[in-house]
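Coordinate analysis (summary)
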Amino acid sequence: MDVTSLKHSPMFSSTSNAVFTGGTYTQHNNRQTVHVNGSTVGGFELLLKEVATAAFHNSAQRLDPPKCHPETRLVVLKKIMEWIQTSEDRDRWIMWLHGAAGAGKSAIAQSIAELCEKSKVAIASFFFFRTDPSRNSAQALVATLAYQLIRTDPAARDIISLAIERDPLLFRQSFKSQLETLIIEPLRQLTRPSVDSSSELSPFLVIIDGLDECDGRDVQTNIIYTISDALRDAGLPLLFLITSRPEQHLAMAFNSRRITDLLIRLPLDDTYLPDDDIRLFLIDKFTEITNSHPFKHLIDPSWPPKILSKTSSKNPLVNSYTRQSS
């Protein structure tokens, strides 16, 4: 079929203002492909064009991503992992990890992603970043998550590819449409009851870090509401860990009756003794300096100062570091 006749195809009957040049369209047994300049573009290839690779937790573009220093944030990490791995009847499918700037939200999200990989928990992640145009909007969010779903379960590739081939303009549709088509429906098909219906379904975790760094407050709240609505009706082992600053509009969204019964809140406040973690971090880093600095032989044996041994609440060095980091 020539591209001049493409607009009359049922596949594009509901679209408008679409322009196709330099290619042809072919349909074979419900599988559609677009041929552009002699190359065949299938659903998976169209998906790859929309993925924000810099948003992966293990992206090469995120050089030395922040993560929890060894032996710090242990209580917080344990609480999150217990929520992810619980085998009991679950009624809370979303966790909101929130705290001020510098509280360590991204470091915790990164550490959770790495712990899940070690524990063979299927995950997909999207790390928003305000100054990176590839990951400061929701445009690539679902495509990036869908690619990672395929990576964790290759059986999802045909399901997702076919959905895109049926509707190549899917990525110009709403977040709700993309989430339902590329995440919810594929998971629904992949987790259909088998003969052994008593077996536990392994969770699939989605980590969305830095939601407050996504462009547009309305977009941020729409993501929250859409996810909660989808999870309420889906009946799937799908979990969302969302981190952000406690901005007013986000707090209002998470307090909405549409989501509160699905939600666990995890505030990064003084409950988890962050100053003790900071003291441990400083001691380790100072020790590293005394052991590895090229002029370590010139370092006074009394350094670092004994002040670090004081309790966090009375430690002016730790208090100063805390103020600077937040």
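Our subject is the structure that appears above.
First things first, this report covers the structure right here in the doc. (Residues numbered from 1 in each chain as written. Predicted model: local features only at pLDDT ≥ 70, side-chain atom pairs only at ≥ 80, totals over all residues. Heavy atoms only, no water.)

Turning our attention to the overall build of the chain. The helix and strand tally for the chain stands at 10 helices and 8 strands. The burial tally for the chain puts 44% of its 326 residues in the buried class. Relative to all contacts within the chain whose residues are 6 or more apart in sequence, the contacts with residues 24 or more apart total 72%. Here the chain displays about 17,700 Å² of accessible surface, and carbon together with sulfur accounts for 52% of that area. (Helix = DSSP H or I, 4+ residues; strand = E, 2+ residues; numbered from the N terminus. Buried < 20%, exposed > 50% of the residue type's maximum accessible area, 1.4 Å probe, protein only. Contact = heavy atoms within 4.5 Å. Areas by Shrake-Rupley, 256 points an atom, 1.4 Å probe, with all protein chains shown as cover.)

Core analysis: the largest hydrophobic core is formed by 79 residues, its most contacted members being Leu47, Ile84, Ile112, Leu205, Ile227 and Leu238. Aside from chain neighbours lying at most four places away, what touches leucine 205 is Trp83, Ile84, Ile112, Cys116, Ala122, Ile123, Ala124, Leu239 and Leu241. (Core = buried A, V, L, I, M, F, W, Y, C linked by side-chain atoms within 4.5 Å.)

Bringing the environment of leucine 241 into the picture now. The residue leucine 241 is located in strand 7 (residues 238–244) in this model. Under the relative-accessibility criterion, leucine 241 is labelled buried at 0%. Residues leucine 241 and leucine 263, 22 residues apart in the sequence, show an inter-C-alpha distance of 10.0 Å. Ignoring any residue separated from it by four or fewer positions in sequence, one finds leucine 241 in contact with Ile80, Trp83, Met95, Leu97, Ile112, Leu205, Val206, Ile207 and Ile208.

A few words on the sheet that holds strand 7. Spatially, the 5 strands line up as an open sheet ordered 5-6-7-4-8, and their pairing is parallel. For this open sheet the edge positions go to strand 5 (122–127) and strand 8 (263–267), each flanked by a neighbour on one side alone. Direction aside, neighbouring strands of the sheet carry axes that sit 15 degrees apart on average. In the sheet, strand 4 (residues 94–98) pairs with strand 8 via 5 bridges, with the strands oriented parallel. The residue bridging methionine 95 from the neighbouring strand is isoleucine 264, located in strand 8. (Pairing = 2+ DSSP bridges. Axes fitted to C-alpha atoms, helices over the stretch in contact; angles between N-to-C directions.)

For helix 7 (residues 217–234), spanning 18 residues, the distance from its first C-alpha to its last is 26 Å, which sits close to the expected 26 Å at 1.5 Å a residue. Where helix 7 is buried, its residues meet strand 4, helix 4 (141–152), helix 6 (175–190), strand 6 (204–209), strand 7 and helix 8 (248–254). Taken from the residues just after helix 7, glycine 235 is the one with a positive phi, measuring 65 degrees. (Expected span 1.5 Å × (residues − 1).)

The full count for this structure, using the stated rule, is 3 aromatic pairs. Aromatic side chains phenylalanine 56 and tyrosine 147 sit 5.8 Å apart centroid to centroid with 15 degrees between the ring planes, which places their arrangement in the stacked category. Within this pair, whereas phenylalanine 56 is found in the loop between helix 1 (43–50) and helix 2 (74–85), its partner tyrosine 147 is found in helix 4, the two being separated by 91 residues in sequence. Classification of tyrosine 147 by relative accessible area gives partly exposed; the value is 22%. An angle of 15 degrees between the planes, with centres 4.3 Å apart, marks the rings of tryptophan 96 and phenylalanine 254 as stacked. With tryptophan 96 in strand 4 and phenylalanine 254 in helix 8, the pair connects residues that are 158 residues apart, well separated along the chain. Residues tryptophan 96 and phenylalanine 254 agree in their burial class; the two are buried. In this structure, arginine 151 is placed above the aromatic ring of phenylalanine 56, and the distance from its NZ or CZ to the ring centre is 5.6 Å. (Phe/Tyr/Trp six-rings, centres within 6.5 Å; stacked < 30°, edge-to-face > 60°. Lys NZ or Arg CZ within 6 Å of the ring centre and 35° of its normal.)

Strand 6 sits mainly inside the fold: 6 of its 6 residues count as buried. Covered by surrounding structure in strand 6 are Phe204, Val206 and Ile208 together with Leu205, Ile207 and Asp209, the residues of both alternating faces. As defined by bridge partners, strand 5 adjoins strand 6 across 6 bridges and the pair is classed as parallel. Counterpart to alanine 122 in the pairing with strand 6 is phenylalanine 204. Direction of pairing for strand 6 relative to strand 7: parallel, over a ladder of 5 bridges. Looking across to strand 7, one finds that phenylalanine 204 is bridged to leucine 238. Crossover connection from strand 6 via helix 7 to parallel strand 7: handedness right-handed. (Right-handed = clockwise from strand over helix to strand, strands pointing away.)

Here we take up the pairing of strand 4. Where burial is concerned, most of strand 4 is hidden: 5 out of the 5 residues are buried. Neither face of strand 4 is open: one carries Ile94, Trp96 and His98, the other Met95 and Leu97, and all of them are buried. Pairing of strand 4 with strand 7 involves 5 bridges; the strand directions are parallel. Bridging from a neighbouring strand, tryptophan 96 pairs with isoleucine 242 of strand 7.

A word on the environment of proline 203. Its place among the elements puts proline 203 in the loop between helix 6 and strand 6. Sequence separation of proline 203 and leucine 236 is 33 residues, and the distance between their C-alpha atoms is 8.4 Å. Apart from the residues lying within four places of it in its own chain, the contact partners of proline 203 are Ile84, Val121, Ala122, Pro237 and Leu239.

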